[in-house]
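Architecture and fold: a report
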Amino acid sequence: MKGSDSNFFQFMVGKDHYIIPLYQRAYSWGHDQCATLYNDMLALHDKLQSNTDLSYNFSHFLGSVVYQNSNDPRQPGIFLIDGQQRVITMYLFYLALYRAALDCGGPDAAFAPKLELTHLSNAQGKHRFTLSTQEDQVAMDKLFAGNKDEYLTDSHITNNFNYFYQHLKSEQKMTLTDFYNITQRLSFVEIALDREDDAQVIFESVNSKGLPLSHGEKVKNFILMGISQDQAQLSYSEHWAPMERNCKEAQGESGLDNFIYHYIAIKRANLPEFGKLYDEFKSFHLRCLQEKQPLADKVLLAAEMHKYSELFKSVKTCKYVLLPSDHDEDGTLQAEIELGLKRLSYMPYERHIPFLMQTMWLQRQHEISVAELIETINLLEMFYIRRWTCEVPTNTLNRFFASLHSQINSLSDEEAGSGFINKLKYVLRTDAARLPNDTRFRFCLENSDFYGEYDLIYYLFERLDSHGQREIVPIMDKRAKNSKAFTVEHIMPQTLTDDWREELGPNAQELYETWLNRLGNLTITAYNSKLSNKTFAEKRDMPNGYRDSALHLNKDIAKHEHWREEDLKQRAEELATKALQIWPYPEA
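Conventions and cut-offs
- Residues numbered from 1 in each chain as written.
- Predicted model: local features only at pLDDT ≥ 70, side-chain atom pairs only at ≥ 80, totals over all residues.
- Heavy atoms only, no water.
- Helix = DSSP H or I, 4+ residues; strand = E, 2+ residues; numbered from the N terminus.
- Buried < 20%, exposed > 50% of the residue type's maximum accessible area, 1.4 Å probe, protein only.
- Contact = heavy atoms within 4.5 Å.
- Areas by Shrake-Rupley, 256 points an atom, 1.4 Å probe, with all protein chains shown as cover.
- Lys, Arg positive; Asp, Glu negative; His and termini not counted.
- Charge placed at Lys NZ, Arg CZ, Asp CG, Glu CD.
- Expected span 1.5 Å × (residues − 1).
- Arc of directions from axis to C-beta.
- Salt bridge = Lys/Arg side-chain N within 4 Å of Asp/Glu carboxyl O.
- Core = buried A, V, L, I, M, F, W, Y, C linked by side-chain atoms within 4.5 Å.
- Patch = residues over 30% accessible without salt bridge, like charges linked within 9 Å, V, L, I, M, F, W, Y side chains within 5 Å.
- Polar contact = N/O pair within 3.5 Å; in protein donor to acceptor, adjacent residues only side chain to side chain.
- Axes fitted to C-alpha atoms, helices over the stretch in contact; angles between N-to-C directions.
- Parallel < 35°, antiparallel > 145°, perpendicular 65-115°, else oblique.
- Nonpolar A, V, L, I, M, F, W, Y, C, P; charged D, E, K, R; others polar.
- Phe/Tyr/Trp six-rings, centres within 6.5 Å; stacked < 30°, edge-to-face > 60°.
- Disulfide = S-S within 2.5 Å.

1. Thoughts on the overall build of the chain
A count of helical and extended segments in the chain gives 29 helices and eight strands. Each of the three principal axes of the chain carries a C-alpha extent, and together these read 95 × 60 × 45 Å. In the chain, which comprises 588 residues, the proportion classed as buried is 52%. Contacts in the chain between residues far apart in sequence, at least 24 positions, make up 71% of those at least 6 positions apart. Just so you have it, the chain exposes about 27800 Å², and 48% of that area is on carbon and sulfur atoms. Positive and negative side-chain charges of the chain, numbering 64 and 82 respectively, have mean locations separated by a distance of 1 Å.

Set out below in structure tokens:
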């Protein structure tokens with residue numbers, strides 16, 4: 001390895017081809033980084049203009065570039081190990097400077113032909129990059145071709161070129177020739193690797209001024225850099241690129257990091273530290289090497305991660321595809337799974353994701369049945385609802401779910417009963433699970449304060465309303481489109497009027513203080529503002545009141561003649577009984 005202070009302008013002269021390895025991320029610099037580079041050049045120009053000592057050699061430091069010459073005659077050029085973002089950005093700047101010069105013409109464009117030959121075109125008259133993603137490659141191809149109608153407008157490559165081009169065309173402080181000259185004063189640390197140098201170690205240790213790599217990008221580098229070029233190409237196209245797409249569809253830009261977090265949790269049976277996720281991944285792979293496991297092979301590791309990413313996507317998007325061997329010709333089982341996943345998505349927690357992904361994996365391997373997967377999803381919903389209702393602290397859930405499969409596997413048939421579900425139910429009944437039993441669940445349903453900023457209260461009401469009914473009002477779907485579609489309604493209102501005091505009787509104040517925010521006195525409606533503090537009879541009988549409601553819960557309220565203590569108790573007991581039927585305790 002040879003490192004030296006170098007001139008960026010001279011570095012780019014004559015470099016016929018830059019290869020961005022597949023393990024590198026897509027080009028991701030945006031306008032912020034371009035603005036910093038542009039303003040640094042303006043500042044350097046100001047220094048030169050204000051300094052009278054012509055012997056002082058002002059320059060500006062860009063950072064470092066690590067590269068390795070290709071030894072593959074099929075792909076000659078240099079591999080950019082680190083610093084690809086700044087090299088591509090400087091190329092875009094030179095291309096914008098060249099195009100602006102062609103537009104302006106005259107003496108200020110005299111440098112353009114030389115710039116085109118030395119920095120922009122290769123011997124074949126094409127641009128000088130093989131980029132790491134198809135999207136970036138197409139964007140650079142279109143940009144270099146010069147037909148503005150074909151530019152990819154959603155590409156960082158196109159947008160950054162346009163940023164430089166527009167600023168160069170409108171700049172008042174510097175001429176285009178000034179910019180051309182100032183780029184010859186940009187310095188950097190040039191690190192050229194020998195063939196025997198370990199590019200992986202050097203890549204990780206270089207201190208870069210660019211955007212920090214995400215955990216997912218580091219893992220991609222770790223996997224693809226550690227195998228042959230042919231293997232890397234195949235592994236990237238067949239596994240890594242589809243995996244990235246799955247994760248992005250599942251959870252946007254943060255999807256890949258979060259998927260790797262859950263994948264490591266599955267493999268280690270405990271949760272990794274997110275801030276050290278890349279180190280945790282390397283430790284996992286080292287263990288595979290030491291134990292001579294199949295996943296020590298990085299090609300097989302990428303293939304398995306791709307399969308798991310499908311399951312991560314299923315959990316996050318609530319879509320699950322059964323295989324032909326699952327015999328779901330009419331789609332009933334798939335619909336049940338997806339309904340269960342959708343219900344789980346309303347829970348205010350995601351601690352179950354590693355456990356659920358591994359359960360899906362077992363189903364895909366036919367180690368458990370589709371019916372067992374469906375029951376597992378239902379048990380998870382029950383687990384969350386009971387704990388949320390009874391306000392059980394969540395601080396132990398991460399550890400509980402991370403080790404749940406290990407706990408299940410450690411149980412004997414004699415101890416817990418045969419089969420996956422019996423063993424899961426057994427673990428859910430243990431003290432570690434802290435699952436409220438029926439007595440505790442009923443008590444909390446009837447006596448707890450349910451009013452507040454809880455999205456889950458709407459889900460609770462949707463399930464209570466739809467239980468045993470064929471006609472279902474999709475409360476959560478409507479709220480997803482419009483959060484004000486339904487609001488929580490106090491049957492006995494929050495402000496006691498004289499009419500309501502008369503309705504409640506002599507102990508009105510006590511009933512008000514006891515029952516106001518309990519489940520028995522709450523419902524949901526799309527007409528909260530109209531119902532307001534009206535009397536019970538008015539709320540019941542008015543247009544769009546309880547009697548007119550599409551919700552079965554409100555129609556049940558309308559069956560009452562009055563709203564007094566016995567009515568509150570009756571409704572609380574009825575709702576609690578329904579909840580016990582919907583989310584039954586996992587008996588042996």
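2. Re the environment of Ala 579
With respect to the helices and strands, the residue Ala 579 is situated in helix α29 (residues 565-582). Look at Ala 579 and you get buried, because its relative accessible area is 1%. For Ala 579 and Thr 495, which are 84 residues apart along the polypeptide, the C-alpha to C-alpha distance reads 29 Å.

3. Concerning helix α14 (residues 332-345)
Over its 14 residues, α14 runs 20 Å from end to end, which matches the ideal 20 Å to within 8%, given 1.5 Å per residue. Within α14, the full set of buried residues consists of Ile 337, Glu 338, Gly 340, Leu 341 and Leu 344. Projected down its long axis, α14 carries its buried residues within an arc of 160°, all on one side. Where α14 is buried, its residues touch α13 (298-317), α15 (353-364) and α16 (370-389).

4. Remarks on helix α9 (residues 215-225)
Because the α-helix completes a turn every 3.6 residues, residues three or four places apart line up on one side. Most of α9 is tucked away: ten of the eleven residues are buried. Looking only at α9, the buried set comprises His 215, Gly 216, Glu 217, Val 219, Lys 220, Asn 221, Phe 222, Ile 223, Leu 224 and Met 225.

5. Considerations on the pattern of salt bridges
With the rule as written, the count across this model stands at 21 salt bridges. Taking the shortest distance from any N to any O, the salt bridge between Glu 244 and Lys 220 comes out at 4.0 Å. Placement of Glu 244 in helix α10 (residues 229-251) and of Lys 220 in helix α9 is noted, with a sequence separation of 24 residues between them. The class of Lys 220 is buried, set by a relative accessible area of 2%. The partner of Asp 413 in a salt bridge is Lys 423, with the nearest N and O atoms 2.5 Å apart.

6. Brief notes about unusual backbone geometry
Phi is positive for Arg 434, close to 50°, though the residue is something other than glycine. Here Arg 434 is to be found in the loop between α20 (420-428) and α21 (438-447). With a relative accessible area of 41%, Arg 434 lands in the partly exposed category. Positive phi, normally seen in glycine, also occurs at Asn 544, with a value near 65°. Note on Asn 544: relative accessible area 31%, which makes it partly exposed.

7. Examining the nonpolar core
Grouped burial of nonpolar side chains is what soluble globular proteins tend to show. If you look at the biggest cluster of nonpolar residues, it comprises 114 residues, and the most contacted ones within it are Ile 223, Phe 259 and Met 305. Take this core: its biggest share by element is eleven residues, from α16. With near-sequence residues (within four places) excluded, Met 305 lies in contact with Val 219, Ile 223, Trp 240, Met 243, Phe 259, Ile 260, Tyr 263 and Phe 281. Membership of the second largest hydrophobic core comes to 59 residues, among which are Met 41, Leu 115, Leu 120 and Leu 168.

8. Things to note about a negative patch on the surface
Residues Asp 498, Asp 499, Glu 502 and Glu 538 make up a contiguous surface patch of negative charge. Ranked by residue count, the leading element in the negative patch is helix α24 (residues 498-504), at three residues. The exposure class assigned to Glu 538 is partly exposed, which follows from its relative accessible area of 40%.

9. A closer look at the side chain of Ser 448
Take Ser 448: it is sitting in the loop between α21 and α22 (456-466). Separated by 2.8 Å, the side chain of Ser 448 and the backbone oxygen of Cys 444 make a polar contact.

10. Digging into the packing of α9 against helix α11 (residues 255-268)
Put simply, α9 and α11 touch, their axes get as near as 7 Å, and they point 70° apart. In terms of their interaxial angle, α9 and α11 are classed as roughly perpendicular. Facing His 215, Gly 216 and Val 219 of α9, the residues of α11 in contact are Leu 256, Asp 257 and Ile 260. Here the residues of the contact of α9 with α11 are counted per class, giving three nonpolar, two polar and one charged.

11. Details of the packing of helix α5 (residues 134-145) against helix α6 (residues 156-170)
With their axes 8 Å apart at the nearest point, α5 and α6 run at an angle of 40° to one another. Residues Asp 136, Ala 139, Met 140 and Leu 143 of α5 pack against Ile 157, Thr 158 and Phe 161 of α6. For the contact of α5 with α6, the residue count by class is five nonpolar, one polar and one charged.

12. Some thoughts on the packing of aromatic side chains
Here the structure, examined in full by the defined rule, presents 36 aromatic pairs. Taking 5.4 Å as the distance between ring centres and 70° as the angle between the ring planes, the aromatic pair formed by Tyr 263 and Tyr 308 counts as edge-to-face. In this pair, Tyr 263 is assigned in helix α11 and Tyr 308 in helix α13, connecting sequence segments 45 residues apart. Each member of the pair, Tyr 263 as well as Tyr 308, carries the same accessibility label: buried.

13. Details of the state of the cysteines
Applying the stated rule across the entire model yields zero disulfides. Its sulfur unpaired, Cys 104 is 20 Å from the next cysteine sulfur, which belongs to Cys 34. With a relative accessible area of 48%, Cys 104 lands in the partly exposed category. Of all cysteine sulfurs in the structure, the one in Cys 318 sits closest to Cys 247, which takes part in no disulfide; the separation is 16 Å.

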